[in-house]
Amino acid sequence: MIRRVVRHMPRHKGVAAWNEILGPGPSYPLLERETTSDFIVVGAGFAGLSSTRRLLQLDPTAKIVVLEAGRIAEAASGRNSGFMIDLPQTLIGADDAEPNFDAAQIHLNRQAIDFASDAVAEYAINPDYFDPAGKVTGAATGRAEAHNSRFVAHLTRLGEPFEHLDAQAMLALTGSRHYHSGLYTPGTVMLQPAGYIRGLAASLGRHVSLHEHSPALALVRVGDVWRVQTPRGQVTAPKLILATNGHLESFGFAQGRLIQVFLYASMTPALDPATLKGAARWGVTPSDPMGTTLRRIDQGQGGNRLITSVCATVRSGMRASDSDLRRATAVQRARFDARFPQLAGLKPEYEWAGHVCLTRNGAAVTGELEPGLFSACVQNGLSTVRGTLTGIAAAEMAMGRTSNITAHFAGEALPPKLPLLPIRDITANVAIRWKEWQAREE
């Protein structure tokens, strides 16, 4: 018999604003009994619900139990920036080195976007929650403009479309004079992430047993089946999928190999549209990953609001602190004021931390970890796209199917070991602070 007991749970800070601004959503019962199924899926975020949908596509008669530790869209799926991006942030392929790498990554990302787009259509999810509007990589310094120029050279080599935006075009789009220029690429989807996840859960919930407030506390292998124990019940099945991102480490897998990170964001109150200039919806990511991400949404996505995202901390215990959130909010307010001086001093309505997970080599941990136990974990900060892909891959592997998606994850190297604690967190956070300072204008 194998028994894995969960040591601790990730702890977020602040309200999951994307979920909050939609108002009360449907609720799902606790698991309060003993039951059996064909598959157990632990986690009901992008990875878990994508995995559930793929299982049903492959076998519509499958009996599936999905366990969510909290409320739907209250964890990482309601705390990200809502970008479903097709292009890697930095294209690394060159003429004479791995010329097909970037194209393969882009193809995978677009498969994830197509999978999500099909779900929106099939389940009649509000199209406002899945807007294929593209995004802009903003540049506020000469260094950033040079980065965008190199990015353009790669896009040209790959035959990918783009549009250069000058300072006037950036002003017309964002209502801010902060940016010198921008690079628009059309393939990104601007999600209302909580709305998308709510819609996915509501539709899948008609075909599977979905339970909230039912965290997996122990995984027990008895013979050829897995038994998952929750606070008030348990479920047994021959196949188990863990879709828990960095929380995978709490079950005893990939220990000492996962970088547990919290990212931070804030959201304004709903504003009078007359006070905001520029387009009603847009998203700007920084040319430097440690810079500031901005979004504007409109009534269809939860009100006329601006979202600011910047700052990161490594917390190997998967728990953000009050001081982490206070510092990040202060930095965000300063960055917001610099970009929108006409709104300077505006206090955000929501501030929050969201848990993500990285590895040093950028590899996921997706595949069969023990007989009948599959992982759809470690999205490397790209929870919407990579979560969808890892979920698809785990479902296909559990069904014994192969595809280019399963081949990709099966071919990834094991994430390397990290330095020991506390050196790991101390050195990582010092490096992050330095990089954030370097990217302060971005």
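Located above this text is the structure these notes cover.
Now for a quick tour of the structure. (Residues numbered from 1 in each chain as written. Predicted model: local features only at pLDDT ≥ 70, side-chain atom pairs only at ≥ 80, totals over all residues. Heavy atoms only, no water.)

Membership of the largest hydrophobic core comes to 60 residues, with the highest contact counts inside it found for Ile64, Phe130 and Tyr196. In terms of residue count, helix α8 (residues 383–398) provides more of this core than any other element does, eight residues in total. In this view, isoleucine 64 contacts Phe39, Val41, Thr52, Leu55, Leu56, Val208 and Ser209; residues no more than four positions away in its chain are not counted. (Core = buried A, V, L, I, M, F, W, Y, C linked by side-chain atoms within 4.5 Å. Buried < 20%, exposed > 50% of the residue type's maximum accessible area, 1.4 Å probe, protein only. Helix = DSSP H or I, 4+ residues; strand = E, 2+ residues; numbered from the N terminus. Contact = heavy atoms within 4.5 Å.)

With that settled, the discussion passes to empty space enclosed by the protein. Counted according to the given criterion, the structure contains two cavities of 30 Å³ or more. Lining the largest cavity we find Ser266, Met267, Thr268, Leu306, Thr308, Gln332, Arg333, Phe336, Asp337, Leu346 and Pro348. When contributions to the lining of the largest cavity are tallied by element, the ones reaching two or more residues are β16 (259–267), β19 (305–314) and α7 (322–339). Looking at side-chain class alone, the lining of the largest cavity contains five nonpolar, four polar and two charged residues. As a volume, the second largest cavity reaches approximately 40 Å³. Lining the second largest cavity, in full, are Thr174, Gly175, Thr275, Leu276, Lys277, Arg296, Leu306, Phe340, Gln342 and Leu343. The residue makeup of the lining of the second largest cavity, split by class, is four nonpolar, four polar and two charged. (1 Å grid on protein atoms, 1.4 Å probe; cavity = no way out; pocket = protein on both sides within 12 Å on 5 of 7 lines; lining within 4 Å. Points joined across faces, edges and corners; volume = space filled by probe spheres on them. Nonpolar A, V, L, I, M, F, W, Y, C, P; charged D, E, K, R; others polar.)

To continue, consider the pattern of salt bridges. Tallied over the full model, the rule gives 15 salt bridges. We note a salt bridge from aspartate 288 to arginine 143, for which the minimum N-O separation is 3.6 Å. Remark: arginine 143 occurs in helix α4 (residues 142–158) and aspartate 288 occurs in the loop between β17 (282–286) and β18 (293–297); sequence separation between them is 145 residues. Looking at aspartate 288, the relative accessible area reads 15%, which means it is buried. The shortest N-O distance in the salt bridge between aspartate 298 and arginine 281 comes to 2.9 Å. In this pair, aspartate 298 is assigned in the loop between β18 and β19 and arginine 281 in the loop between β16 and β17, connecting sequence segments 17 residues apart. Note on aspartate 298: relative accessible area 17%, which makes it buried. Its relative accessible area of 21% is what places arginine 281 among the partly exposed residues. One connected set of salt bridges, linked through shared partners, spans Asp128, Asp131, Arg281 and Asp298. (Salt bridge = Lys/Arg side-chain N within 4 Å of Asp/Glu carboxyl O.)

Here five strands make up an open sheet; going across it, the order is β1-β12-β13-β14-β2 and the pairing mixed. Every other strand in the sheet has two partners, leaving β1 (2–5) and β2 (34–36) as the edge strands with one partner each. Averaged over all adjacent pairs, the angle separating strand axes in this sheet is 15°, with direction ignored. In terms of strand pairing, β1 meets strand β12 (residues 218–222) through four bridges, oriented antiparallel. Each residue of the ladder has a partner; that of arginine 4, found in β12, is leucine 219. (Pairing = 2+ DSSP bridges. Axes fitted to C-alpha atoms, helices over the stretch in contact; angles between N-to-C directions.)

This brings us to the packing of helix α2 (residues 46–58) against helix α6 (residues 193–204). It is the contact of α2 with α6, at a shortest axis distance of 10 Å, that shows an interaxial angle of 35°. The two elements α2 and α6 cross, and the hand of that crossing is left-handed. Where α2 approaches α6, its residues Phe46, Leu49, Thr52, Arg53 and Leu56 are matched on the opposing element by Pro193, Tyr196, Ile197, Leu200, Ala201 and Leu204. (Left-handed = near helix turned anticlockwise from the far one by under 90°.)

Let us look at the packing of α2 against α8. α8 packs onto α2 with a crossing angle of 40° between their chain directions and a minimal axis gap of 7 Å. Accordingly, the angle class assigned to the pair α2 and α8 is oblique. Relative to α8, α2 is oriented so that their crossing is right-handed. Contacts from Phe46, Ala47, Ser50, Ser51, Arg54, Leu55 and Leu58 of α2 reach α8 at Ser383, Thr384, Gly387, Thr388, Thr390, Gly391, Ile392, Ala394, Ala395 and Glu396. (Parallel < 35°, antiparallel > 145°, perpendicular 65-115°, else oblique.)

On to the sheet that holds strand β8 (residues 163–166). The strand order β8-β9-β7-β17-β18-β19-β16-β20 describes an open sheet built from eight strands, whose pairing is mixed. Unpaired on one side and paired on the other, β8 and β20 (350–358) mark the two borders of the sheet. Averaged over all adjacent pairs, the angle separating strand axes in this sheet is 25°, with direction ignored. Its contacts with the sheet put α4 on β7 (135–139) and β9 (181–185), and the angle it makes with β9 is roughly 25°. Contacting β16, β18, β19 and β20, α7 runs over the sheet at an angle of about 135° to β19.

Per the counting criterion, the structure on display carries zero disulfides. We note that cysteine 357 lacks a disulfide partner, and the nearest cysteine sulfur, in cysteine 377, lies 8.3 Å from it. Residue classification places cysteine 377 among the buried residues on the basis of a relative accessible area of 0%. (Disulfide = S-S within 2.5 Å.)

What follows covers the pairing of strand β4 (residues 64–67). Going residue by residue along β4, you find Ile64 and Val66 tucked away on one face and Val65 and Leu67 tucked away on the opposite face as well. Strand direction decides the pairing type here: strand β3 (residues 39–42) and β4, joined by four bridges, are parallel. Pairing of valine 42 across the sheet is with leucine 67, part of β4. Running through α2, the crossover from β3 to the neighbouring parallel element β4 is right-handed. Examined bridge by bridge, β4 and strand β11 (residues 209–211) share three bridges and lie parallel to one another. (Right-handed = clockwise from strand over helix to strand, strands pointing away.)

The next point concerns α6. With 12 residues, α6 extends 16 Å between its outermost C-alpha atoms, agreeing within 8% with the 16 Å of an ideal straight helix rising 1.5 Å per residue. Along α6, 11 of the 12 residues are buried, which leaves the element largely enclosed by surrounding structure. For α6, the set of buried residues is Pro193, Ala194, Gly195, Tyr196, Ile197, Arg198, Gly199, Leu200, Ala201, Ser203 and Leu204. Its buried side turned inward, α6 meets α1 (17–20), α2, α3 (101–122), β6 (130–131), β10 (189–191) and β11. (Expected span 1.5 Å × (residues − 1).)

Tracing the chain through its elements places threonine 292 in the loop between β17 and β18. For threonine 292, a relative accessible area of 0% corresponds to the buried category. Contacts of threonine 292, omitting those with residues within four sequence positions, involve Val284, Pro286, Thr308, Ser309, Val310, Arg335, Arg339 and Glu442.

Just distances and angles here, no functional claims.
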